[in-house]
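A structural walkthrough
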Amino acid sequence: QVQLVESGGGLVQTGDSLRLSCVASGRTFSKYAMGWFRLSPGKEREFVAAITWSSSSTSFGDSVQGRFTISKDYAKNTVYLQMNSLKPEDTAVYYCGLMLRAGFSVRLGPSYDYWGQGTQVTVSS
(Lines give C-alpha, C1' and ligand atoms only; values in the text may rest on other atoms or scores of the structure.)
Protein backbone atom coordinates (compact mmCIF):
# COMPACT_ATOMS: atom_id res chain seq x y z
CA GLN A 1 0.00 0.00 0.00
CA VAL A 2 1.00 3.60 -0.56
CA GLN A 3 0.05 6.63 1.49
CA LEU A 4 0.22 10.18 0.20
CA VAL A 5 -0.02 13.16 2.51
CA GLU A 6 -0.32 16.68 1.15
CA SER A 7 0.41 19.85 3.06
CA GLY A 8 1.03 23.54 2.50
CA GLY A 9 -2.40 24.77 1.47
CA GLY A 10 -3.94 27.90 2.89
CA LEU A 11 -5.54 31.28 2.27
CA VAL A 12 -3.51 33.79 0.29
CA GLN A 13 -4.08 36.91 -1.77
CA THR A 14 -3.84 37.39 -5.50
CA GLY A 15 -0.21 37.46 -6.59
CA ASP A 16 1.06 35.53 -3.58
CA SER A 17 2.96 32.25 -3.63
CA LEU A 18 2.46 28.91 -1.93
CA ARG A 19 4.39 25.66 -1.91
CA LEU A 20 2.54 22.40 -1.58
CA SER A 21 4.26 19.22 -0.47
CA CYS A 22 3.28 15.60 -0.93
CA VAL A 23 5.07 12.88 1.00
CA ALA A 24 4.78 9.31 -0.21
CA SER A 25 5.21 6.40 2.19
CA GLY A 26 4.67 2.67 2.13
CA ARG A 27 5.49 0.56 -0.92
CA THR A 28 6.87 3.43 -2.97
CA PHE A 29 10.02 1.78 -4.27
CA SER A 30 8.56 1.41 -7.73
CA LYS A 31 6.86 4.53 -9.00
CA TYR A 32 6.86 6.13 -12.39
CA ALA A 33 5.54 9.60 -11.67
CA MET A 34 3.81 11.85 -9.20
CA GLY A 35 1.43 14.61 -10.09
CA TRP A 36 -0.98 17.25 -8.89
CA PHE A 37 -4.58 17.72 -9.85
CA ARG A 38 -7.12 20.17 -8.52
CA LEU A 39 -10.85 20.21 -8.05
CA SER A 40 -13.08 23.20 -7.48
CA PRO A 41 -16.87 23.38 -7.15
CA GLY A 42 -18.68 23.13 -10.45
CA LYS A 43 -15.57 22.17 -12.39
CA GLU A 44 -14.05 18.92 -13.53
CA ARG A 45 -10.81 17.64 -12.07
CA GLU A 46 -7.98 19.53 -13.72
CA PHE A 47 -4.43 18.41 -14.34
CA VAL A 48 -1.92 20.79 -12.78
CA ALA A 49 1.55 19.30 -13.01
CA ALA A 50 3.48 16.05 -12.96
CA ILE A 51 7.05 14.85 -12.70
CA THR A 52 8.54 11.49 -13.59
CA TRP A 53 10.55 9.99 -10.82
CA SER A 54 13.63 8.72 -12.66
CA SER A 55 14.11 11.32 -15.38
CA SER A 56 12.44 14.31 -13.70
CA SER A 57 10.55 15.08 -16.86
CA THR A 58 7.83 17.63 -16.11
CA SER A 59 4.46 18.46 -17.56
CA PHE A 60 2.09 21.32 -16.75
CA GLY A 61 -1.51 22.23 -17.34
CA ASP A 62 -2.11 25.14 -19.69
CA SER A 63 -3.61 27.34 -17.00
CA VAL A 64 -0.56 27.12 -14.73
CA GLN A 65 2.25 26.98 -17.30
CA GLY A 66 4.85 29.59 -16.46
CA ARG A 67 3.52 30.20 -12.94
CA PHE A 68 3.85 26.82 -11.25
CA THR A 69 6.85 24.55 -10.99
CA ILE A 70 7.12 20.97 -9.78
CA SER A 71 10.13 19.34 -8.20
CA LYS A 72 11.01 16.29 -6.15
CA ASP A 73 13.27 15.22 -3.37
CA TYR A 74 14.29 11.66 -4.15
CA ALA A 75 15.60 10.93 -0.67
CA LYS A 76 12.48 12.24 1.06
CA ASN A 77 10.02 10.66 -1.37
CA THR A 78 8.45 14.07 -1.64
CA VAL A 79 7.13 16.11 -4.51
CA TYR A 80 6.64 19.86 -4.32
CA LEU A 81 4.38 22.21 -6.21
CA GLN A 82 5.59 25.78 -6.16
CA MET A 83 2.74 28.09 -7.05
CA ASN A 84 3.57 31.68 -7.93
CA SER A 85 1.43 34.61 -9.10
CA LEU A 86 -1.65 32.96 -7.70
CA LYS A 87 -5.04 33.96 -9.05
CA PRO A 88 -8.54 33.54 -7.62
CA GLU A 89 -9.19 30.90 -10.29
CA ASP A 90 -6.45 28.78 -8.71
CA THR A 91 -8.74 28.27 -5.71
CA ALA A 92 -9.36 24.55 -5.38
CA VAL A 93 -8.57 21.43 -3.42
CA TYR A 94 -5.23 20.16 -4.66
CA TYR A 95 -4.65 16.42 -4.76
CA CYS A 96 -1.39 14.58 -5.10
CA GLY A 97 -1.32 11.36 -7.10
CA LEU A 98 1.19 8.57 -7.64
CA MET A 99 1.53 6.56 -10.82
CA LEU A 100 3.20 3.18 -10.53
CA ARG A 101 3.82 2.31 -14.18
CA ALA A 102 4.70 4.06 -17.40
CA GLY A 103 2.62 3.71 -20.53
CA PHE A 104 -0.13 6.09 -19.54
CA SER A 105 -0.50 9.83 -19.77
CA VAL A 106 0.59 11.72 -16.67
CA ARG A 107 -2.04 14.33 -17.57
CA LEU A 108 -4.97 11.98 -16.98
CA GLY A 109 -6.39 11.21 -13.55
CA PRO A 110 -7.19 7.53 -14.22
CA SER A 111 -3.47 6.94 -14.87
CA TYR A 112 -2.75 7.36 -11.17
CA ASP A 113 -2.92 4.50 -8.70
CA TYR A 114 -2.96 6.34 -5.39
CA TRP A 115 -4.23 9.70 -4.17
CA GLY A 116 -3.80 11.89 -1.15
CA GLN A 117 -6.58 13.42 0.88
CA GLY A 118 -6.19 16.88 -0.66
CA THR A 119 -5.23 20.29 0.62
CA GLN A 120 -7.31 23.44 0.20
CA VAL A 121 -5.86 26.46 -1.56
CA THR A 122 -7.90 29.64 -1.47
CA VAL A 123 -6.83 32.77 -3.32
CA SER A 124 -8.69 35.94 -2.44
CA SER A 125 -9.03 38.82 -4.87
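It should be noted that the structure appears before, not after, this text.
A brief look at the structure comes next. (Residues numbered from 1 in each chain as written. Predicted model: local features only at pLDDT ≥ 70, side-chain atom pairs only at ≥ 80, totals over all residues. Heavy atoms only, no water.)

**Overview of unusual backbone geometry**
A positive phi angle, close to 55°, is found at asparagine 77, a residue other than glycine. The residue serine 85 is not glycine, and still its phi comes out positive at about 50°. Along the polypeptide, serine 85 turns up in the loop between β8 (78-83) and β9 (92-99). Its relative accessible area of 41% is what places serine 85 among the partly exposed residues. (Helix = DSSP H or I, 4+ residues; strand = E, 2+ residues; numbered from the N terminus. Buried < 20%, exposed > 50% of the residue type's maximum accessible area, 1.4 Å probe, protein only.)

**Section: the pairing of strand β7 (residues 68-73)**
As paired strands, β7 and β8 are joined by six bridges and run antiparallel to one another. Within β8, the position partnered with serine 71 by the bridge is tyrosine 80. (Pairing = 2+ DSSP bridges.)

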